[in-house]
Amino acid sequence: MSWYFRAIGFRKIFEFLLLVAFVVFFVGPLLNLAVLAFSSKWNYPDLLPRQWSLQWWHFVLQEDDIAKSIGLSFLIAALVTVLSIVICIPAAYAFARIRFPLSRFFLFSFLLTHAFPKMGLYVSIAVLFYKLGLMNTLLGVVLVHMINVLMFMTWIPTAAFRNVHTAQEESARDVGATPFRVFRSITLPMAMPGILVASIFTFLNSLDEAQGTFLVGIPDFKTMPIVMYSIIADFPSSAGAVFSIILTAPTIILLLAAQRLVSADIMASGFQVK
Amino acid sequence: MRKEAKMGIFGLCLVIPSFLLLSVIVITPIILSFFESLRNESGGYDLSRYVYLFTDEGMRANIVFTLQVTIVSCVIVLAVSYALAVYMRFSTGRLVDLIRKTYMIPIFIPGVIATYGLINLLGNHGWLSRWLLLFGGTLPRIIFDQKGIIIANLWFNIPFTTMLLSSALAGIPNAVIESAKDIGASRLRIFFRIIMPLSYKTFLVAVTFVFMGVIGSFTAPFLVGPNAPQMLGVSMEQVFSVFQEREQAAAISFFTFLLCSLLGYFYIRSMVKEETARP
């Protein structure tokens with residue numbers, strides 16, 4: 001046997017084993033859900049379901065709660081994305097291009113969103129929202145979702161604006177473009193990939209958010225992950241698997257669409273200053 | 001001079017809205033919860049809520065349990081991610097390309113879904129145990145155990161950390177490594193003398209985020225963890241909504257905040273240095 005291994009090279013074998021481990025570990029749980037979603041009878045210790053069917057898809061899609069939660073989740077995610085673009089992009093431009101007092105303090109203040117344990121922060125926010133009357137309101141839920149995204153929604157575009165060469169902006173100024181024109185036709189388009197990645201990440205983050213919504217949005221704002229909590233508890237695992245696929249689909253579709261833009265470099269700039 | 005002052009004010013105006021939002025949804029609640037955590041049962045202010053953290057047996061067990069999970073997760077995540085990032089940086093081939101294209105997907109998968117998948121896969125009668133049965137093996141207890149929480153943490157954090165480290169490794173010029181090879185440096189030597197020093201800052205960022213993420217995590221330990229001892233995130237939630245003790249919950253979250261801030265200090269210091277070096 002050993003001559004065979006030597007012939008194809010230990011390196012190849014190592015790589016193959018690595019890939020297998022990688023696939024089993026990361027794909028395994030998702031694949032398991034995919035199989036579960038199309039099964040109707042799958043008893044221990046069968047390796048694969050004895051009967052395949054779409055019955056749980058009918059069941060899940062007919063529940064009123066579920067259809068409503070999908071619409072609500074997308075509405076909230078869209079609001080969060082638009083609002084954070086409006087608030088964070090100007091700030092990112094200022095950090096990248098303008099000298100102003102305390103800029104470093106402001107830039108690093110966003111780190112606070114990730115330094116406090118999320119549950120503790122949500123609990124404190126709930127206390128504050130009670131006083132402000134924001135519990136169980138759309139605004140309250142949107143604000144809670146924005147906590148998670150503020151930092152990278154500011155930092156990724158900051159890095160993107162910084163990467164635009166000032167020489168290009170200056171030469172446009174030299175031929176007589178107004179500052180606004182320079183921003184619109186040169187700076188913004190060149191920083192667009194970073195801004196898009198940050199926006200997609202924000203959108204998905206908001207679709208995924210469960211704990212804060214659970215605390216602040218109960219009982220009226222049941223987003224998809226919240227419904228998922230109760231499905232896990234109340235229904236057979238096949239129903240949970242179907243809903244998992246519905247919840248994961250937007251992620252996969254958006255990622256495929258933005259495949260060329262999403263790079264480690266752009267993403268990493270949301271978590272460190274380079 | 002006057003123009004500069006004008007620009008300064010313009011810059012401040014662009015930043016103020018996001019900072020106001022930050023003050024309302026993050027800074028104010030943190031300050032509020034700090035004062036809340038100092039209130040004792042009779043309404044006065046002292047440190048009794050914090051003393052309870054270290055005197056109550058169950059709480060102490062929770063703290064030790066949380067630190068164990070956090071440290072073990074951090075060590076494994078960083079070791080695996082570093083290896084994976086180095087491997088992706090310096091290897092070529094179809095397999096590597098495939099990994100390069102797909103390794104970031106788990107970052108975007110909703111946490112509830114991944115945890116649910118792990119429960120189904122690794123549970124008592126889960127898929128993996130059925131496959132192992134074919135070869136006569138049995139699976140140790142993973143779900144509802146410390147191991148389950150650690151595995152879930154690996155699932156969430158390895159792709160993210162690998163992404164951070166890959167971006168740092170991409171910044172190391174090939175020429176540097178090749179010239180080291182030319183003068184006969186071994187692989188290990190190249191790693192410790194060139195790759196490590198050139199990426200340790202990102203390494204620090206990665207440690208900070210994994211540490212903060214694990215120590216404050218809720219979904220995975222809530223769905224996968226044992227009943228006792230618990231991770232602090234779960235126990236915080238329970239103290240708040242089951243026992244209705246807001247002050248005690250605030251004290252727990254402030255305690256985890258202090259644990260994070262130690263690491264956060266080094267992280268911010270290194271970032272500020274970088275920022276100051278900017279022309």
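In the block above lies the structure referred to throughout.
Described in the following lines is the structure provided in the data block.

Observations regarding the interface of chain B and chain A
Phase 1 of the analysis: Of the residues lining the interface, 91 residues belong to chain B; the matching set on chain A comes to 94 residues.
Phase 2 of the analysis: Taken together, both faces of the contact between chain B and chain A bury some 8,400 Å²; the carbon and sulfur share is 79%.
Phase 3 of the analysis: Of all residues in chain B, Phe108, Tyr116 and Trp127 of chain B bury the most surface against chain A, accounting for 9% of the area lost on that side.
Phase 4 of the analysis: There are 0 salt bridges connecting chain B and chain A.
Phase 5 of the analysis: Inspection of the chain B/chain A interface yields 7 residue pairs in polar contact (both at pLDDT 80 or more).
Phase 6 of the analysis: With 22 residues, helix α1 (residues 2-38) of chain B is the single largest residue contributor to the side of chain B that touches chain A.
Phase 7 of the analysis: Residue composition of the side of chain B that touches chain A, by class: 63 nonpolar, 21 polar and 7 charged.

What about the state of the cysteines?
Phase 1 of the analysis: Applying the stated rule across the entire model yields 0 disulfides over all chains.
Phase 2 of the analysis: Cys88 of chain A takes part in no disulfide bond, and the closest cysteine sulfur, belonging to Cys13 of chain B, lies 17 Å away.
Phase 3 of the analysis: Note on Cys74 of chain B: no disulfide assigned, nearest cysteine sulfur contributed by Cys260 of chain B at a separation of 10 Å.

Considering unusual backbone geometry
Phase 1 of the analysis: The step from Ala228 of chain B to Pro229 of chain B runs through a cis peptide bond, and the omega angle for that step is -10°.
Phase 2 of the analysis: Secondary-structure assignment places Pro229 of chain B in the loop between α11 (219-224) and α12 (232-241).
Phase 3 of the analysis: We note that Leu102 of chain A has phi near 65°; this positive angle belongs to a residue other than glycine.
Phase 4 of the analysis: For Leu102 of chain A, the location among the structural elements is in the loop between α4 (64-97) and α5 (103-109).
Phase 5 of the analysis: The backbone of Asn136 of chain A sits at a positive phi, close to 55°, despite the residue not being glycine.
Phase 6 of the analysis: Locating Asn136 of chain A in the fold gives a position in the loop between α7 (118-132) and α8 (138-163).

Digging into empty space enclosed by the protein
Gaps left between atoms are located by rolling a probe of water-molecule size over the structure's atoms.
Phase 1 of the analysis: Taken as a whole, this structure holds 2 cavities of 30 Å³ or more when the rule is applied.
Phase 2 of the analysis: Space inside the largest cavity adds up to approximately 1,100 Å³.
Phase 3 of the analysis: Among the elements that take part in the lining of the largest cavity, helix α10 (residues 187-215) of chain B stands out by supplying 5 residues, more than any other.
Phase 4 of the analysis: When the residues that make up the lining of the largest cavity are grouped by side-chain class, the tally is 23 nonpolar, 12 polar and 3 charged.
Phase 5 of the analysis: Taken as a whole, the second largest cavity encloses approximately 70 Å³ of empty space.
Phase 6 of the analysis: Residue lining of the second largest cavity: Gly120, Val123, Ser124 and Val127 of chain A together with Pro29, Leu32, Ser33, Glu36, Arg246 and Ala250 of chain B, and that is the complete set.
Phase 7 of the analysis: Among the elements of the structure, α7 of chain A together with α1 and α13 (246-277) of chain B are those that each provide at least two residues to the lining of the second largest cavity.
Phase 8 of the analysis: Considered class by class, the residues forming the lining of the second largest cavity number 5 nonpolar, 3 polar and 2 charged.

Things to note about the packing of aromatic side chains
Two aromatic rings are characterised by how far apart their centres lie and by the angle between their planes.
Phase 1 of the analysis: Applying the stated criterion to the full structure yields 35 aromatic pairs over all chains.
Phase 2 of the analysis: Ring centres 5.4 Å apart and planes at 75° place the aromatic pair Tyr82 of chain B and Phe191 of chain B in the edge-to-face group. With Tyr82 of chain B in helix α3 (residues 57-90) and Phe191 of chain B in helix α10, the pair connects residues that are 109 residues apart, well separated along the chain.
Phase 3 of the analysis: For the ring pair Phe254 of chain B and Phe257 of chain B, a centre distance of 5.4 Å and an interplane angle of 70° mean the geometry is edge-to-face. One end of the pair is Phe254 of chain B and the other is Phe257 of chain B, both in helix α13 and 3 residues apart, which spans about a single turn.
Phase 4 of the analysis: Take Phe254 of chain B: its relative accessible area is 9%, and that puts it in the buried class.
Phase 5 of the analysis: Look at Phe257 of chain B and you get buried, because its relative accessible area is 15%.
Phase 6 of the analysis: Among the aromatic residues, those joined into a cluster by ring pairs are Phe152, Phe201 and Phe271 of chain A together with Phe108, Phe160, Phe209 and Tyr267 of chain B.

Things to note about a nonpolar patch on the surface
Phase 1 of the analysis: On the surface, Ile71, Val72, Val75, Ile76 and Val80 of chain B cluster together to form a nonpolar patch covering roughly 380 Å² of accessible area.
Phase 2 of the analysis: Turning to its location among the elements, Val80 of chain B is positioned in helix α3.

With respect to the packing of helix α9 (residues 166-174) of chain A against helix α10 (residues 179-208) of chain A
All names here are of chain A.
Phase 1 of the analysis: Where α9 contacts α10, the axes come no closer than 10 Å and their chain directions differ by 150°. Classed by the angle they form, the pair α9 and α10 counts as roughly antiparallel. When the axes of α9 and α10 are compared, the crossing they make is right-handed. Within the contact between the two elements, α9 uses Gln168, Glu169, Ala172 and Arg173 and α10 uses Pro179, Val182, Ile186, Thr187 and Met190.
Phase 2 of the analysis: Residues of the contact of α9 with α10, tallied by class, amount to 5 nonpolar, 2 polar and 2 charged.

Quick word on the side chain of Ser238 of chain A
Residue and element names in this part refer to chain A.
Phase 1 of the analysis: For Ser238, the location among the structural elements is in helix α13 (residues 237-257).
Phase 2 of the analysis: The exposure class of Ser238 is buried, given its relative accessible area of 8%.
Phase 3 of the analysis: Those residues in contact with Ser238 that sit more than four places away from it in its chain are Leu36, Ala37, Ser39 and Trp56.

Things to note about the layout of surface pockets
Phase 1 of the analysis: Of the pockets and cavities examined, the largest pocket occupies roughly 1,400 Å³.
Phase 2 of the analysis: Looking at the largest pocket, it is lined by 37 residues, and the ones nearest its centre are Ala96, Arg97, Ile98 and Arg99 of chain A together with Met7 of chain B.
Phase 3 of the analysis: Sort the elements by how many residues they give to the lining of the largest pocket and α4 of chain A lands first, with 7 residues.
Phase 4 of the analysis: A class-by-class count of the residues in the lining of the largest pocket yields 19 nonpolar, 6 polar and 12 charged.
Phase 5 of the analysis: Taken together, 26 residues line the second largest pocket, and the ones lying closest to its centre are Ala83, Val86, Tyr87, Phe90 and Ser91 of chain B.
Phase 6 of the analysis: Elements supplying a minimum of two residues to the lining of the second largest pocket: α2 (10-37) of chain A together with α3, α8 (146-170), α9 (174-182) and α10 of chain B.
Phase 7 of the analysis: Of the residues assigned to the lining of the second largest pocket, the class counts are 19 nonpolar, 2 polar and 5 charged.

Concerning the nonpolar core
Phase 1 of the analysis: One finds Trp155, Phe243 and Met267 of chain A together with Met163 of chain B to be the most contacted residues of the largest nonpolar core, which totals 167 residues.
Phase 2 of the analysis: Looking at this core element by element, the count peaks at 15 residues for α8 of chain A.
Phase 3 of the analysis: Counting only domains with at least three residues in this core, you end up with domain 1 (1-38) and domain 2 (55-277) of chain B.
Phase 4 of the analysis: Counting residues in each nonpolar core, the second largest holds 11 residues, with Ala85, Ile172, Ile177 and Ile190 of chain B among its members.

Analysis parameters
- Residues numbered from 1 in each chain as written.
- Chains lettered and ligands numbered in written order.
- Predicted model: local features only at pLDDT ≥ 70, side-chain atom pairs only at ≥ 80, totals over all residues.
- Heavy atoms only, no water.
- Contact = heavy atoms within 4.5 Å.
- Buried area = accessible area lost by both parts, 1.4 Å probe.
- Salt bridge = Lys/Arg side-chain N within 4 Å of Asp/Glu carboxyl O.
- Polar contact = N/O pair within 3.5 Å; in protein donor to acceptor, adjacent residues only side chain to side chain.
- Helix = DSSP H or I, 4+ residues; strand = E, 2+ residues; numbered from the N terminus.
- Nonpolar A, V, L, I, M, F, W, Y, C, P; charged D, E, K, R; others polar.
- Disulfide = S-S within 2.5 Å.
- 1 Å grid on protein atoms, 1.4 Å probe; cavity = no way out; pocket = protein on both sides within 12 Å on 5 of 7 lines; lining within 4 Å.
- Points joined across faces, edges and corners; volume = space filled by probe spheres on them.
- Phe/Tyr/Trp six-rings, centres within 6.5 Å; stacked < 30°, edge-to-face > 60°.
- Buried < 20%, exposed > 50% of the residue type's maximum accessible area, 1.4 Å probe, protein only.
- Patch = residues over 30% accessible without salt bridge, like charges linked within 9 Å, V, L, I, M, F, W, Y side chains within 5 Å.
- Areas by Shrake-Rupley, 256 points an atom, 1.4 Å probe, with all protein chains shown as cover.
- Axes fitted to C-alpha atoms, helices over the stretch in contact; angles between N-to-C directions.
- Parallel < 35°, antiparallel > 145°, perpendicular 65-115°, else oblique.
- Left-handed = near helix turned anticlockwise from the far one by under 90°.
- Core = buried A, V, L, I, M, F, W, Y, C linked by side-chain atoms within 4.5 Å.
- Domains from an automatic or database assignment.

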